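Results of the structural survey
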Amino acid sequence: MEKIFIDPGHGDIGKDFGAIGKDGTREADIALSIGKTAKTLLEKDGYKVYMSREKEMSGNPLYSQSLGDLPYRTKAANDAGCDLFISIHCNASSNSAGNGTEIYHCPGSTEGKKLAKAILNEVLYLQKVKKEKHKTDKALLKLWDFTNRGVKEGNYYVLTDTDMPAVLCETLFMSNPDDLKLLKTSEFQTAYAQAITSGVNKYFNVKPVEKPAATVTGKYSDLIKKYSKHYSLDEKFIDVIIQQESSYNPKAVSIHNAKGLMQLLPETFKGCLKALKLPENSDPFNPEINIQCGCYHLSYLKSIFSISKGDNSRSTQLLIACAYNEGQNTDGMKYAREVIGRMKNG
Ligand SMILES: [Zn+2]
């Protein structure tokens, strides 16, 4: 599951509320509103979302008061091992004519640039949709007719001190009367949050994950029952693994090309098919085959660690869940095998 860090700019972290509009609107509040909507939408698409701020900082488990404002933000994202960092701001200029939208990435970062382009393209797409929708409303049409200022390089702290591809979105200008009017509408704020979400999806090249219906677990519960029993695994454990890996989306594909309900990597899937004497060309998206292979793989991991088949203690589940996730990282498994091998040899 990819982890996205959403950073609404400014706010009560450093008691700095950013640019202030002529009418007293605060940049920090608009950034937070867009950020919170983006969080909801990204979670719907199956991402794990971290926020630099969401409520009073004392209530944010990531917040460390001893760090300064910006170092706190980047450290929180780095420590959480996030895959992407997205900072949300509004622009300002001493010249009130300046208007439009732009996105910054760290100089020289090709991945940052790719993400910036992906989000900006979605902003421009939604701008087109809104202009079409409001084509008979001259006043609204004028607001939506903002300038595309493009993708740019910027030496911002949150871009240079983050370990993952990072962008800083300058949504629109607080200092431009038309931009400010539009920034304040929930229509724009929602559209921008949608653009962030589809941009992230495009970046990872995945189709949006359809939120599973509440009954989906029921649909696969017979398969979970069958194969957890067959491989002496805990039914609830398999349920949680599937929730965690694919949110019960049988068509899910990760950036590492892990597929289906139990998110099996192509190599792992191939190995399971072979061991189970199933046809080589079996479909990884087939729920039955996927769950069978996933359960087999978990029992295989138990055997690697010399754990008895029926042992489903909490510590065993913790160990094999870690090993299961390490499937993406063969070095991790190699290391674990070496440690176990040395222990056996005394
Ligand atoms: Zn700002």
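Note that this is a predicted model, so its numbers are computed, not measured.

This next bit is on the overall build of the protein. Scanning the protein for helices and strands turns up 13 helices and six strands. Within the protein, the fraction of its 346 residues that count as buried is 40%. Relative to all contacts within the protein whose residues are 6 or more apart in sequence, the contacts with residues 24 or more apart total 71%.

Attention now moves to unusual backbone geometry. Even without being a glycine, H10 presents a positive backbone phi close to 65°. Positionally, H10 belongs in the loop between β1 (3–8) and α1 (27–44).

In this section: α1. Between its first and last C-alpha, α1 extends 26 Å over 18 residues, near the 26 Å set by a 1.5 Å rise per residue. Within the sequence span of α1, burial applies to E27, A28, I30, A31, L32, I34, G35, T37, A38, K39, L41 and L42. Here the buried face of α1 lies against β1, β2 (48–51), β3 (84–91), β6 (166–173), α6 (177–183) and α7 (186–204). After α1 finishes, the residue G46 shows a positive phi value of roughly 95°.

With that settled, the discussion passes to the sheet that holds β6. Strand order in the open sheet formed by six strands is β2-β1-β3-β6-β4-β5, with mixed pairing between adjacent strands. The open sheet terminates on both sides in strands that have one partner only, identified here as β2 and β5 (148–153). When strand polarity is set aside, the average angle formed by the axes of neighbouring strands in this sheet is 20°. In terms of strand pairing, β3 meets β6 through six bridges, oriented parallel.

The next thing to look at is the nonpolar core. Residues I4, F5, L84, F85, I86, I119 and V167 are the most contacted members of the largest nonpolar core, which totals 59 residues. Those residues in contact with I4 that lie beyond four places of it in its chain are L42, Y47, V49, C82, D83, L84, I86 and V200.

Between helix α3 (residues 110–133) and α7, the least distance of the axes is 8 Å, while the angle of their chain directions is 135°. Taken together, the axes of α3 and α7 lie oblique to each other. Crossing of α3 against α7: the hand is right-handed. On α7, the residues touching K114, L115, A118, I119, E122, V123, L126 and K130 of α3 are A191, Y192, Q194, A195, I196, S198, G199, K202 and Y203. Among the residues making up the contact of α3 with α7, the classes are represented as ten nonpolar, three polar and four charged.

What follows is about the environment of W144. Mapped onto the fold, W144 is located in helix α4 (residues 138–144). You can call W144 buried: it has 23 C-beta atoms within 10 Å. In sequence terms W144 and V129 are 15 residues apart; their C-alpha atoms lie 9.9 Å from each other. Once residues within four sequence positions are removed from consideration, W144 is found in contact with Q127, K130, K131, H134 and L182.

Here we take up the pairing of strand β4 (residues 101–105). By the criterion of burial, β4 is predominantly enclosed, with five of the five residues buried. Alternating positions in β4 separate into two faces, T101, I103 and H105 on one and E102 and Y104 on the other, with burial throughout. As judged from the four bridges shared by β4 and β6, these two strands associate in the antiparallel manner. Within β6, the position partnered with I103 by the bridge is C169.

The rules behind each value
Residues numbered from 1 in each chain as written. Predicted model: local features only at pLDDT ≥ 70, side-chain atom pairs only at ≥ 80, totals over all residues. Helix = DSSP H or I, 4+ residues; strand = E, 2+ residues; numbered from the N terminus. Buried ≥ 20, exposed ≤ 12 C-beta atoms within 10 Å, placed from the backbone. Contact = placed C-beta atoms within 7 Å. Expected span 1.5 Å × (residues − 1). Pairing = 2+ DSSP bridges. Axes fitted to C-alpha atoms, helices over the stretch in contact; angles between N-to-C directions. Core = buried A, V, L, I, M, F, W, Y, C linked by C-beta atoms within 7 Å. Parallel < 35°, antiparallel > 145°, perpendicular 65-115°, else oblique. Left-handed = near helix turned anticlockwise from the far one by under 90°. Nonpolar A, V, L, I, M, F, W, Y, C, P; charged D, E, K, R; others polar.

Don't take any of this as a statement about function, it's just geometry.
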